[in-house]
Amino acid sequence: MMKMSEGRRKLGIVFASGASNRVCCLIIYGAAALAMGYEVKVHLVNEGLVAFRKDVLPKLSTGDAALTAFPEYFRPYVDIYLRNLEEAVRSGKIKDWYSWLKELKETYRDSFKIYACSVASQFYEVKKEDLADVVDDIKGAAAFLDEVYGGPILYIG
Amino acid sequence: MMKMSEGRRKLGIVFASGASNRVCCLIIYGAAALAMGYEVKVHLVNEGLVAFRKDVLPKLSTGDAALTAFPEYFRPYVDIYLRNLEEAVRSGKIKDWYSWLKELKETYRDSFKIYACSVASQFYEVKKEDLADVVDDIKGAAAFLDEVYGGPILYIG
Amino acid sequence: MMKMSEGRRKLGIVFASGASNRVCCLIIYGAAALAMGYEVKVHLVNEGLVAFRKDVLPKLSTGDAALTAFPEYFRPYVDIYLRNLEEAVRSGKIKDWYSWLKELKETYRDSFKIYACSVASQFYEVKKEDLADVVDDIKGAAAFLDEVYGGPILYIG
């Protein structure tokens, strides 16, 4: 078996949440790891898979509160986050999530893969052609776990 | 200290969520890892512990929306998931979660353990006898972390 | 590259949730790992960052349901948790989360660090001086990932 210490560092990310106040973590941790030379593989499951539909992903860069989830107490803070996110995207301070992912894929190519879970695709009735073009492939849990073994996995739930 | 590269691969799963649109991840990733020869250990905490009560676990294979959580936008997609899950179980296409877990435990025996967190058991007032028989034992966080060290941990929150 | 098997064991914790029925995991797993000699590093993001504001952290040790999140079905169980948590803190059976964190930091010093994510700090408008004194520093995702590489990461979402 390959030693965990051999070869390149890895980061696995399972995106289950689909929330616009969680997709930021996928991108911030993913971009940071890629910049440090890691291989980064994302597995889209549950609402996280739906969030990568062509018609949904753009909404995650907007201030639409229907795409967030949080304990009620935090509402005013999530409102601040959404306002700042929307303003930062509008002013060009940061790219919208889709464009940022697209750029990461162009820069890091095979080091950055985004897979749709095959079981989730069936149960949520999401087909490859429904998904944004940043999604590379449909893959099962075994393939994903195997590709990222040796590094930590962030399950963004 | 044992090298992470030595011995069998490991997967730790913390199940905190208890949602029927998250328990699928416990089983899909768990089953995939077991089939690849990993040791898989699950730690049940918070609502994830309650979900493994004898009287609750069967409900997670039904279309009952009270057991789901998601940003409001995803409601129609979660409805599709629940309908497909219920139909797949009814038609025998997949086993209900309890039966699937039971089968995994019979097949993989000591390679697949499910523990209830001792602190969660106290604070949620869940006793060993309240839990489905797929739960092996009550164990603390230290024992769980130690058993899975060397592999990634999916915190399903 | 340092072998994952060399040096001390590590645990990374990303606290994204901010819920009072999740912060327990940060502390229970963190304390267990520290007692076993691990290095533990926490990265505060999203509502998890807000939860560590001076004016919010004390509320996470109370029975205030506005700080919880769960599928509706679990409400009576979360009520039991909150009642037991509040009672345990009041009776001195356990410390409130802030005091427990403070004690862990005094005991384990450099082995236990809590960082606020720099991007989250900007988007949620949380400044260092707004945060409880158990937060050591503001750090980016790259620094956090690098410090914990070799151990698992619990993404408490």
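Above this note sits the structure.
Residues numbered from 1 in each chain as written. Chains lettered and ligands numbered in written order. Predicted model: local features only at pLDDT ≥ 70, side-chain atom pairs only at ≥ 80, totals over all residues. Heavy atoms only, no water.

J.: Before we go on, may I ask you to explain the interface of chain A and chain B in this structure?
T.: Many descriptions give the size of an interface as the accessible area lost when the pieces come together. Counting residues at the interface gives 38 residues for chain A and 40 residues for chain B. Along the contact surface separating chain A from chain B lie two salt bridges. Among the ionic pairs, R22(B) bridges to E47(A), the shortest N-O distance being 2.9 Å. For the pair chain A and chain B, the number of links is 13 residue pairs in polar contact (both at pLDDT 80 or more). Breaking the side of chain A that touches chain B down by element, the ones donating at least two residues are α2 (46-50), α5 (118-123), α6 (141-148) and β5 (153-156) of chain A. In terms of residue count, the dominant contributor to the side of chain A that touches chain B is α6(A) (five residues). Across the side of chain A that touches chain B, the residue classes tally to 23 nonpolar, eight polar and seven charged. (Contact = heavy atoms within 4.5 Å. Salt bridge = Lys/Arg side-chain N within 4 Å of Asp/Glu carboxyl O. Polar contact = N/O pair within 3.5 Å; in protein donor to acceptor, adjacent residues only side chain to side chain. Helix = DSSP H or I, 4+ residues; strand = E, 2+ residues; numbered from the N terminus. Nonpolar A, V, L, I, M, F, W, Y, C, P; charged D, E, K, R; others polar.)

J.: Would you take a moment to explain the interface of chain C and chain B for this structure?
T.: On the chain B side, the residues contacting the 40 residues of chain C number 38 residues. Carbon and sulfur atoms supply 67% of the area buried between chain C and chain B, which totals about 3,300 Å² over both sides. Looking at the side of chain C facing chain B, the largest losses of area belong to R9(C), Y29(C) and Y73(C), adding up to 21% of the total buried there. Remark: the boundary between chain C and chain B carries two salt bridges. Ionic pairing is found between D146(B) and R9(C), a salt bridge with its closest N-O pair at 2.8 Å. Only β1 (10-15), α1 (23-35), α3 (75-90) and β5 (153-156) of chain C provide two or more residues apiece to the side of chain C that touches chain B. For the side of chain C that touches chain B, the leading source of residues is α3(C), giving seven residues. Of the residues that constitute the side of chain C that touches chain B, the class distribution is 27 nonpolar, seven polar and six charged. (Buried area = accessible area lost by both parts, 1.4 Å probe.)

J.: Before we go on, may I ask you to explain the packing of helix α1 (residues 23-35) of chain A against helix α4 (residues 97-108) of chain A in this structure?
T.: Between two packed helices, what matters for the description is the angle formed by their axes and the separation of those axes. All names here are of chain A. Taken N-terminus to C-terminus, the directions of α1 and α4 make an angle of 20°; their axes are 11 Å apart at the nearest point. On the basis of their axis angle, the class for α1 and α4 is roughly parallel. Where α1 crosses over α4, the two elements pack in a sense that is left-handed. For the pair formed by α1 and α4, the contact residues are V23, C24, L26, I27, I28, A31, L34 and A35 on the first element and W97, W100, L101, L104 and Y108 on the second. Class assignment of the residues belonging to the contact of α1 with α4 gives a composition of 13 nonpolar, no polar and no charged. (Axes fitted to C-alpha atoms, helices over the stretch in contact; angles between N-to-C directions. Parallel < 35°, antiparallel > 145°, perpendicular 65-115°, else oblique. Left-handed = near helix turned anticlockwise from the far one by under 90°.)

J.: Which parts of the structure should I look at to understand the sheet that holds strand β5 (residues 153-156) of chain B?
T.: Hydrogen bonds between backbone groups are what pair the strands of a sheet, and the pairing can be parallel or antiparallel. All names here are of chain B. Taken together, the five strands give an open sheet; going across it, the order is β4-β3-β2-β1-β5, and neighbouring strands pair in parallel fashion. Looking at the sheet topology across the chains shown, the edges are occupied by β4 (137-139) and β5. Neighbour-to-neighbour, the strand axes of the sheet open up by a mean angle of 25°, direction not taken into account. Two elements, strand β1 (residues 10-15) and β5, share four bridges in a ladder whose sense is parallel. Paired with F15 across the bridge in β5 is I156. Along the sheet, helix α1 (residues 23-35) makes contact with β1, β2 (39-44), β3 (112-117) and β5, crossing β1 at roughly 170°. (Pairing = 2+ DSSP bridges.)

J.: Explain the pattern of salt bridges here, please?
T.: Should their charged atoms come close, side chains of opposite charge can pair. The full count for this structure, using the stated rule, is 39 salt bridges over all chains. For the salt bridge of D136(B) with K105(B), the shortest nitrogen-to-oxygen distance reads 2.7 Å. One end of the pair, D136(B), is in the loop between α5 (118-123) and β4; the other, K105(B), is in helix α4 (residues 97-108), and 31 residues separate them in sequence. Where D110(B) meets K113(B), a salt bridge forms, and the shortest distance between an N and an O atom there is 3.3 Å. Each of the salt bridges in this network shares a partner with another, and the network as a whole consists of E39(A), K41(A), K139(A) and E147(A).

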